[in-house]
Amino acid sequence: MKRRSLIKAFTLSASMAAMGLSWSLQAAETIKVGILHSLSGTMAISETSLKDMALMTIDEINAKGGVNGKMLEPVVVDPASNWPLFAEKSRQLLTQDKVAVVFGCWTSVSRKSVLPVFEELNGLLFYPVQYEGEEMSPNVFYTGAAPNQQAIPAVEYLMSEDGGGAKRFFLLGTDYVYPRTTNKILRAFLHSKGVADKDIEEVYTPFGHADYQTIVANIKKFSAGAKTAVISTVNGDSNVPFYKELANQGLKATDVPVVAFSVGEEELRGIDTKPLVGHLAAWNYFESVDNPVNQKFVADWKAYAKAKGLPGADKAVTNDPMEATYVGIHMWAQAAEKAKSTDVDKVREALAGQTFKAPSGYTLTMDKTNHHLHKPVMIGEIQDDGQFSVVWETEQPLRAQPCSPFIPGNDKRPDYAVKGN
Amino acid sequence: MLRFLLTLLLLLPMASQASEGEFFLAAKPAEQARLLDTWAAQPEPGRLALLENLQAGRIAKDDNRKVRLNNRLRGLIDNALASHRLLSDDSATRLAAARQLQKSAQPAQVALLDRRYASEPDAAVRAALGLALANLQLGASDPSVRLAAVRLLGETGDPTARTRLEALLQPEMETDPTVRTAAETSLAQVKRKLLVGEVLGQAFSGLSLGSILLLAALGLAITFGLLGVINMAHGEMLMLGAYSTYMVQVVVQRYAPGALEFYPLIALPVAFAVSAGVGMALERTVIRHLYGRPLETLLATWGISLILIQAVRLLFGAQNVEVSNPAWLSGGIQVLPNLILPYNRLVIIAFALAVVLLTWLLLNRTRLGLNVRAVTQNRNMAACCGVSTGRVDMLAFGRTWGKATSSIHSWWWC
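What you see is a predicted model, and the numbers here were worked out from it, not measured in a lab.

**A look at the overall build of chain A**
Check the secondary structure of chain A and you find 12 helices and 15 strands. Rg of the C-alpha trace for chain A: 23 Å, near the compact-globule value of 22 Å for 421 residues, within the 12% margin. Overall, the C-alpha framework of chain A stretches about 100 × 50 × 40 Å when taken along its three principal axes. The buried share of chain A, taken over its 421 residues, is 52%.

As structure tokens, then:
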């Protein structure tokens with residue numbers, strides 16, 4: 001009897017010790033976080049820098065002691081601008097690498113292909129790019145802009161006196177879900193402003209399209225009708241031939257301004273911007289924004305690029321999706337600290353109402369219900385040095401409307417994140 | 001004392017100039033727009049320098065403060081500048097100014113244009129001014145003035161004239177039936193001219209795109225025709241050429257910035273040599289062992305293409321690099337109001353023709369060409385006659401790579 005209890009006590013203490021041992025082992029362990037960006041293919045021009053920015057932010061967090069006392073360990077995969085591969089790689093990250101969170105995707109088509117995987121395995125994705133809205137998954141946090149935080153204000157600006165008072169609109173995009181949905185919203189918005197269908201032209205090109213001769217000639221023809229603006233949702237490296245062709249055919253911003261939703265400092269690095277001065281881009285952040293947080297952010301990035309010997313490090317620039325990546329990772333880290341866990345459900349709860357002092361100069365808040373950030377809107381003009389100068393901005397951050405009121409039936413959708421919404 | 005007063009008088013306009021700049025800098029955008037409109041209607045020769053500086057985003061050459069401009073202000077500055085340049089002594093400057101005013105003139109400028117039109121000595125400038133004036137006179141109260149303006153607009157092939165004339169067809173816009181009929185005739189005239197420009201433009205873009213594809217296809221045709229190698233790495237040859245062009249640009253920029261304008265001329269032989277060298281090396285090391293086995297060459301060249309892509313990605317990164325257009329290759333010739341032939345496209349077409357001609361000469365007029373043709377037709381027989389088929393293969397491979405490369409030059413400039 002006595003012996004038996006002794007054995008019991010012994011096993012208990014042994015198992016306790018083993019537990020303690022496993023605890024201490026885990027403390028030395030790391031938290032794995034996934035980075036899912038195309039490092040090759042047509043989207044590499046935009047996404048490569050997001051991967052590097054994510055690595056820099058993780059270094060920064062690790063230098064301050066990590067999250068909940070554990071270091072973050074990045075797991076980088078390359079889905080190669082191949083949409084089904086995005087789904088495969090995210091499944092690999094969630095099931096094999098068992099990452100706590102994934103930061104990634106640029107195009108909406110890639111996000112749409114990983115969405116079922118994240119909802120099935122209850123993963124957590126931070127999506128850092130502006131997009132078309134119409135989505136609120138409990139497994140995704142959207143740190144880019146929804147249409148009312150980018151597209152709609154940009155079109156309003158073009159219609160205003162300062163923006164040139166555009167009467168006709170040429171909607172040019174890459175052929176996939178983001179440009180098509182955005183243009184659907186914009187068409188409905190323009191109708192509400194009294195613009196007729198004959199004054200709206202929609203044209204789509206495939207990913208990686210390189211010959212814009214005919215399209216630019218058509219824009220020119222279309223613009224003879226009345227003051228015209230081009231709204232470009234062209235994504236990836238097609239932007240380079242498009243802008244070169246604009247310069248070639250002498251289409252100046254004073255005649256036909258082009259406002260782009262997916263062109264930032266990074267994409268302009270491959271182009272001589274002197275003939276493009278005055279063309280516009282709408283974002284929630286520009287590198288040229290002047291405030292102490294941004295100065296530090298830009299300086300850190302330049303130093304990081306130089307230290308890591310990234311290609312073209314001497315001309316390293318920051319842009320909006322990089323800022324959104326930076327903000328997203330920090331917010332996740334804060335939430336994980338608050339929840340004292342990296343469990344997806346607990347972190348999700350802790351993320352609601354999380355705030356962060358962002359390089360855009362504003363303190364950004366994660367909305368309590370809709371998983372989107374409250375963001376300021378800025379419209380910038382391209383300068384001859386490849387930077388943007390802000391010509392218009394909102395006075396304070398706007399709450400996102402992921403379900404645009406300009407799409408019929410959206411008023412019946414819930415305004416909170418739920419599966420299949 | 002008198003001298004002092006005179007200097008003061010001389011200094012006065014300069015002082016007012018400076019203060020006008022200061023005033024502009026301090027004003028709100030709406031006020032700046034109003035100011036530019038006034039300046040456009042009443043040009044003064046002394047203000048020219050200020051406007052030129054404003055166009056460059058500053059108020060004086062030695063002033064570092066940046067003037068914040070938007071597209072609307074830029075357009076108004078262009079318009080005001082054109083107004084001022086009408087006062088120039090140089091007839092070419094006046095012509096350019098009149099052309100700008102055709103696009104941008106405002107009703108407030110009618111009086112100015114009228115005056116300049118009456119006193120203009122140069123016939124071409126006078127005609128351009130007449131058109132600019134006609135655009136504005138469409139809204140005049142006197143029907144005879146409107147009629148004359150409508151008739152004049154019919155003479156142009158300007159795309160904007162079409163919209164202006166179309167607006168006149170509505171009875172509520174134009175009350176006078178004779179003017180309406182004249183507008184209809186003019187509109188038909190304008191449409192005809194626009195059609196010509198459009199057709200020519202389409203033909204030209206087809207030609208320029210075709211010439212680039214021709215250059216790329218020429219290389220493929222020779223490798224496949226001569227060696228029977230299906231070269232999956234052909235696209236990567238183009239890439240190598242493009243990156244060597246970029247490297248030449250970087251080197252020239254660093255060591256001889258003065259010669260930057262002419263770097264494409266240096267890049268051409270360099271890119272040719274680089275890819276011809278890589279091509280020959282690969283032929284000697286890989287492809288030579290696989291002749292007569294089309295499937296294996298297909299796989300091997302595909303593998304080479306992957307290796308080359310990754311190598312370049314490691315060296316240069318996935319981001320685009322900039323190969324800039326030198327000044328002499330940007331811009332174009334304005335043939336018709338709606339047809340511009342860009343210089344770079346013209347150069348590409350000329351270049352494609354030259355390469356085709358050279359290839360023809362090489363194949364038909366040189367000993368190497370004779371050997372190449374002999375090997376293509378009957379490899380064994382050619383070898384029997386003492387043609388070193390291996391050498392011919394290598395040279396042909398290298399040359400196609402080189403040629404492919406030169407075509408990429410054109411790609412990058414367009």
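**Here's the deal with the overall build of chain B**
Looking only at helices and strands, chain B features 17 helices and two strands. Scaling as 2.2 N^0.38, a compact globule of 414 residues should have a C-alpha radius of gyration of about 22 Å, whereas chain B reaches 31 Å, well beyond that. Considered along the principal axes of its C-alpha atoms, chain B spans approximately 95 × 65 × 35 Å. Summarising the internal contacts of chain B: among those between residues at least 6 apart in sequence, 67% fall at separations of at least 24.

**As for the packing of helix 11 (residues 320-339) of chain A against helix 12 (residues 344-351) of chain A**
Residues and elements named next belong to chain A. Running from amino to carboxyl end, helix 11 crosses helix 12 at an angle of 110°, the nearest separation of the two axes being 8 Å. In this view, helix 11 runs roughly perpendicular relative to helix 12, as classed from their interaxial angle. Where helix 11 approaches helix 12, its residues Met-331, Trp-332, Ala-335, Ala-336, Lys-338 and Ala-339 are matched on the opposing element by Lys-346, Val-347, Glu-349, Ala-350 and Leu-351. Along the lines of polarity and charge, the residues of the contact of helix 11 with helix 12 split into eight nonpolar, no polar and three charged.

**Some details on unusual backbone geometry**
Residues and elements named next belong to chain A. In this model, Asn-122 sits at a positive phi of 50°, which is unusual for a non-glycine residue. What makes Asn-122 partly exposed here is the crowd of 13 C-beta atoms within 10 Å. Phi at His-371 is positive, roughly 65°, even though this residue is not glycine. As for its position among the elements, His-371 is in the loop between strand 12 (363-366) and strand 13 (373-374). By C-beta crowding, His-371 is classed as buried, having 24 other C-beta atoms within 10 Å.

**Here's the deal with helix 5 (residues 91-104) of chain B**
All names here are of chain B. With 14 residues, helix 5 ought to run about 20 Å at 1.5 Å a step, and its terminal C-alpha atoms sit 20 Å apart, in line with that. Inspection of helix 5 places Arg-94, Leu-95, Ala-97, Ala-98, Leu-101 and Gln-102 among the buried residues, and these make up the whole buried set. Looking straight down helix 5, one finds its buried side chains confined to an arc of 165°; they lie on one side. Against the buried residues of helix 5 lie helix 4 (71-85), helix 6 (110-119) and helix 7 (123-137).

**Brief notes about the packing of helix 14 (residues 343-365) of chain B against helix 15 (residues 367-377) of chain B**
Residue and element names in this part refer to chain B. Contact geometry of helix 14 with helix 15 gives a least axis separation of 5 Å together with a crossing angle of 80°. Taken as axis vectors, helix 14 and helix 15 run roughly perpendicular relative to one another. Contact with helix 14, carried on its side by Leu-362, Leu-363, Asn-364 and Arg-365, involves Leu-368, Gly-369, Val-372 and Arg-373 of helix 15 and no other residues of that element. A per-class count over the contact of helix 14 with helix 15 returns four nonpolar, two polar and two charged.

**Digging into the interface of chain A and chain B**
With 35 residues of chain A at the contact, the number on the chain B side is 29 residues. Listed by contribution, the elements that provide at least two residues to the side of chain A that touches chain B are helix 2 (44-63), helix 7 (213-223), helix 8 (239-248) and strand 15 (388-393) of chain A. A per-element tally of the side of chain A that touches chain B places helix 7 of chain A first, with four residues. Tallied by class, residues from the side of chain A that touches chain B come to 13 nonpolar, 14 polar and eight charged.

**Digging into the nonpolar core**
Residues and elements named next belong to chain A. Core analysis: the biggest nonpolar cluster contains 67 residues, and Val-101, Val-102, Phe-103, Leu-125 and Trp-332 have the highest contact counts within it. Per-element accounting of this core gives the leading share, 10 residues, to helix 11. Beyond its immediate sequence surroundings of up to four residues, Val-102 is in contact with Gly-34, Leu-36, Ser-90, Leu-93, Gly-123, Leu-124 and Leu-125. Counting 51 residues, the second-largest nonpolar core is a separate cluster that includes Phe-169, Val-263, Val-377 and Phe-388.

**A short note on the sheet that holds strand 8 (residues 228-233) of chain A**
Residues and elements named next belong to chain A. If you walk across this open sheet you meet the seven strands as 7-6-8-9-10-14-15, and the pairing is mixed. Of all strands in the sheet, those with a lone pairing partner are strand 7 (200-205) and strand 15, marking the two edges. Within this sheet the neighbouring strands show an average axis-to-axis angle of 25°, counted without direction. Note: strand 6 (residues 168-174) against strand 7, six bridges, orientation parallel. Opposite Leu-172, over in strand 7, you have Val-203 as the bridge partner.

**Some details on the environment of Leu-341 of chain B**
Residue and element names in this part refer to chain B. Along the chain, Leu-341 falls in strand 2 (residues 339-342). When the C-alpha atoms of Leu-341 and Arg-373 are compared, they prove to be 38 Å apart, with 32 residues separating the residues in sequence. If near-sequence neighbours (up to four positions away) are discounted, Leu-341 is found in contact with Phe-204, Gly-332, Ile-333, Val-335 and Leu-346.

**Thoughts on the confidence of the model for chain B**
Note that predicted coordinates carrying low pLDDT should not be read in detail. All names here are of chain B. Chain-level statistics for chain B give a pLDDT mean of 81 and a share of 90% at 70 or above. The least confident element of chain B, judged by mean pLDDT, is helix 17 (residues 389-413) at 62; the most confident is helix 4 at 89. Here residues 409-414 scores under 50 on pLDDT; set against residues more than four positions off or in separate chains, the count is 22 contacts.

**Notes on the confidence of the model for chain A**
On average, residues of chain A score 89 in pLDDT, and 93% of them are at 70 or above. Between residues 16-27 of chain A, whose pLDDT stays under 50, and residues either more than four places distant or in other chains, the model counts one contact.

**Looking at the pairing of strand 15 of chain A**
Sheet topology note: the strand 14 (residues 378-382) of chain A/strand 15 of chain A ladder contains five bridges and is antiparallel. Considered in strand 15 of chain A, the bridge of Ile-379 of chain A is made with Trp-392 of chain A.

**Focus: the sheet that holds strand 13 of chain A**
Residue and element names in this part refer to chain A. One open sheet holds the three strands; their spatial order is 11-12-13, and the pairing between them is antiparallel. Two strands close off the open sheet at either side, each with one partner strand: strand 11 (355-357) and strand 13. Judged from the three bridges that link them, strand 11 and strand 12 form a sheet pairing that is antiparallel. The residue bridging Lys-357 from the neighbouring strand is Thr-363, located in strand 12. Across the sheet, helix 11 touches strand 11 and strand 12, and the angle it forms with strand 11 is around 130°.

**Thoughts on the pairing of strand 14 of chain A**
Residues and elements named next belong to chain A. The buried fraction of strand 14 amounts to five of the five residues, a majority that puts the element mostly inside the structure. Across the two faces of strand 14 the burial is the same, with Met-378, Gly-380 and Ile-382 and Ile-379 and Glu-381 all buried. Bridging between strand 10 (residues 280-283) and strand 14 involves four bridges; their strand directions are antiparallel. In the sheet register, Leu-280 faces strand 14, and the bridge partner there is Glu-381. Between strand 14 and strand 15, which pair antiparallel and follow one another directly, the connecting turn spans five residues, one of which, Gly-386, has a positive phi of 85°.

Cut-offs applied
- Residues numbered from 1 in each chain as written.
- Chains lettered and ligands numbered in written order.
- Predicted model: local features only at pLDDT ≥ 70, side-chain atom pairs only at ≥ 80, totals over all residues.
- Helix = DSSP H or I, 4+ residues; strand = E, 2+ residues; numbered from the N terminus.
- Rg over C-alpha atoms; globule rule 2.2 N^0.38 Å.
- Buried ≥ 20, exposed ≤ 12 C-beta atoms within 10 Å, placed from the backbone.
- Contact = placed C-beta atoms within 7 Å.
- Axes fitted to C-alpha atoms, helices over the stretch in contact; angles between N-to-C directions.
- Parallel < 35°, antiparallel > 145°, perpendicular 65-115°, else oblique.
- Nonpolar A, V, L, I, M, F, W, Y, C, P; charged D, E, K, R; others polar.
- Expected span 1.5 Å × (residues − 1).
- Arc of directions from axis to C-beta.
- Core = buried A, V, L, I, M, F, W, Y, C linked by C-beta atoms within 7 Å.
- Pairing = 2+ DSSP bridges.
- pLDDT = per-residue confidence, 0-100.

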